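Here are the chains, one letter per residue:
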Amino acid sequence: MTTALARALNPKTIAVIGGGAWCTSVIEQARKFGFEGEIWPVHPKATDVAGESAYPTLESLPDVPDMAFVGINRHATIEAVRILSAMGTGGAVCFASGYTEAQAEDHSGAGLQDQLIAAAGDMPIFGPNCYGFVNGLDRVAVWPDQHGMRPVDRGVAILTQSSNIAINMTMQRRALPLAFMLTCGNQAQTHQAQIASALLDDDRITAIGVHIEGFGDLRKWEALAYKARQRGVPIIALKMGRSVHAQAATISHTASLAGQDAGAQAFLDRLGIARLDDIPSFLECLKLLHVTGRLDSNGLGTISCSGGEASLAADMAEGRDLHFPPLTDTQRTDLRAALGPMVALANPLDYHTYIWRDTQAMTRAWSAMMGPEQALTMAIVDYPHTDQTDWSCATQAALNCVAQTGQPFAVTATLPELMPEDVAQRLMDGGVIPFAGLHEALSAVEAAARSAGQDSDPVVLPSTANPNVTLTEAEAKDQLAAFGVPTPKRRVMQADAACAGDMAGPFAVKGVGLAHKSDHGAVQLGVSAGDLRAVAAQIGTSEVLIEEMAPEGVAELLIGVTCDPAHGYVLTLGAGGVLTEILRDSVSLLIPSPRHVVEKALGELACAPLLAGYRGKPAADMGAILVTVEAVQAYVIANATHVSEVEINPLICGPKGAVAVDALIRKART
């Protein structure tokens, strides 16, 4: 590592400040893990801690430490960090809690965290409220508890905001080589993305996994993703928050579609960071990335000696972004030669048990299954916990396949406990991915096949202004039209004076001042010029909006934007109209998103066939739709300091244009 964090993450001297079981454990764990540098306990009364001679004060230390574990109370931690920083210490782990994470119970926490940041100055600090780290590459543990890591020459790094989850993951028995486990705690000063960026400088780290509770500084994540792409090191995420209830749709449909997690997912997609939903799949994906790196495609081949397992693989892959490429002529010829005439050839393949125990025949069959359109081929093998002797043929066949072809190959146990650790380690040493669990394997392959993303403009940061104004529909359309959104010809009039003027019928008549006009019966369509005044009187509002009716379209879309305080402006595209929230057919992006990204997202909607022309009907004018989306983005970018929500629902999409027939804008008063 070439950054300022390098000294802190690979220290030669460690100061341990405080007494008690936690600080004793830091020293014991460091020595147990093989740390050969100096350890200096600091305690005002003790003469030694865990067998190491103690020093009464920081000022009495024999030299400036490279790293310090600060294991004292939250108030004393601040003064200790100030002294360490003034000494020129390389970094500090702040173990104490009771800072911003405790604000709900103790309002002083935020103030204390501010004091801690000021005390640290330029010295990197991890936490507060964190366990520290274990560096498996250099045999360094600054860690106050037991862990399950072992020294490795190369491997993956995991950064988590939860110390307890970190401990659990170090205890994995899946043959995953853990190079680094680091907890970030509150990230008061040193951000999770900054640490990950520093780890990218170490060529021994093959992949990085981040457990994220909240992103914090979006710009740091954008910088990390850019550096990871440049370095060719994949990053995956275990992101919390998917289950948070969607934000209440107080006014717009968009708010109910783009719940709090939509922005997080859109941000991860933009960064090219694949997301896993559970810890086992997260660990299995890191294992895959360690062995092969990202996969070239989502093509998968599976081979097993059971029709039940073949069907299970196919069924469990259903609904995932995976596909089983049909066998090529070459594959069929080679498989037929290896398996004989009794086996039905397909992908997934059930090769029966005719060749079991014949390692060379298994090698020929399994390698024949490794087709050009498959990014990964996996053999499904469950090793018994009673006697594995009869399964050594499968292990060797898998090793032979990789040695002979150099292509990605995995051995997958349907149940995690049926992949023994010693077998997994042997497979891993030979370049075979040993998957513990079929669900986990499929999740890992799906994630590893996702794009690494591409360089894009920074996301527009969210407004912090309080949205206290909701524009009328006419006002919203006027503002959007100024940026190029196509809208109908219209006028706002007193209901008792409603008339067509220079507009051509038929007309839409709408009440002014109501959020969900259709729910109040305040929308009438197809009104003739002669009936305008009578219909306006029935609407029930003193003012009415009269518009020329838009021509009939082939589809209705929603284009919505919500200001997500954590992730920026979320652009939601979906099926529009009165059934928007029932259909829930939508995709989310972040602003700004270029035209090709928007077009791809529209193609992912369930209603995409309507836009393309369904059952002989004409296609929608995609150019007009894209221009409208660009206009909405331009409006938001120009008003990002105060806009909160923008919605067009529906956008009537026809073969020769698109028209926004309803619009809403919420913003702060300016």
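The structure displayed is predicted, hence computed values, not measured ones.

**Here's the deal with the pattern of salt bridges**
A complete count under the given rule lists 28 salt bridges for this structure. Here Arg 173 and Glu 421 are joined by a salt bridge, their closest N and O atoms 2.6 Å apart. With a gap of 248 residues between them, Arg 173 in the loop between helix 5 (163–170) and strand 11 (178–183) and Glu 421 in helix 15 (residues 421–429) connect regions that are remote in the sequence. With a closest N to O distance of 2.3 Å, Glu 547 and Lys 477 form a salt bridge. Residue Glu 547 is located in strand 24 (residues 543–548), and its partner Lys 477 is located in helix 17 (residues 473–481); the two are separated by 70 residues in the primary sequence. Among the charged side chains, a network of salt bridges with common partners joins Arg 320, Asp 321, Glu 446 and Arg 450.

**Focus: the sheet that holds strand 16 (residues 349–350)**
Strand order in the open sheet made by the five strands is 16-15-17-18-19, with parallel pairing throughout. Strands at the two margins of the open sheet, each flanked by one partner only, are strand 16 and strand 19 (433–436). Bridging between strand 15 (residues 300–304) and strand 17 (residues 376–380) involves four bridges; their strand directions are parallel. By the bridge assignment, Leu 300 is partnered in strand 17 with Leu 376.

**Considerations on unusual backbone geometry**
In this structure, the amide linkage connecting Asn 347 to the following residue, Pro 348, adopts the cis form with an omega of 5°. Following Gly 505, the chain continues into Pro 506 via a peptide bond in cis, with omega recorded as 0°. Relative to the elements of secondary structure, Pro 506 occurs in the loop between strand 21 (490–494) and strand 22 (507–511). The phi torsion at Ala 50 lies on the positive side, around 50°, for a residue other than glycine. Looking at where Ala 50 falls in the secondary structure, it is placed in the loop between strand 3 (48–49) and strand 4 (52–53).

Rules and cut-offs
- Here, residues in each chain are numbered from 1, in the same order as that chain's written sequence.
- With the structure being a predicted model, the display of local features is reserved for residues of pLDDT at least 70 and the display and counting of side-chain atom pairs for 80 or more, all residues being used for whole-chain, interface and lining totals.
- Hydrogens and waters are ignored; side-chain quantities use all the structure's heavy atoms.
- Each reported salt bridge corresponds to a side-chain nitrogen of Lys or Arg within 4 Å of a carboxyl oxygen of Asp or Glu.
- Numbering of helices and strands runs from the N terminus, with a helix taken as a DSSP run of H or I at least four residues long and a strand as a DSSP run of E at least two residues long.
- We call two strands paired when DSSP finds no fewer than two bridges between them.

Nothing here speaks to function; it is geometry throughout.
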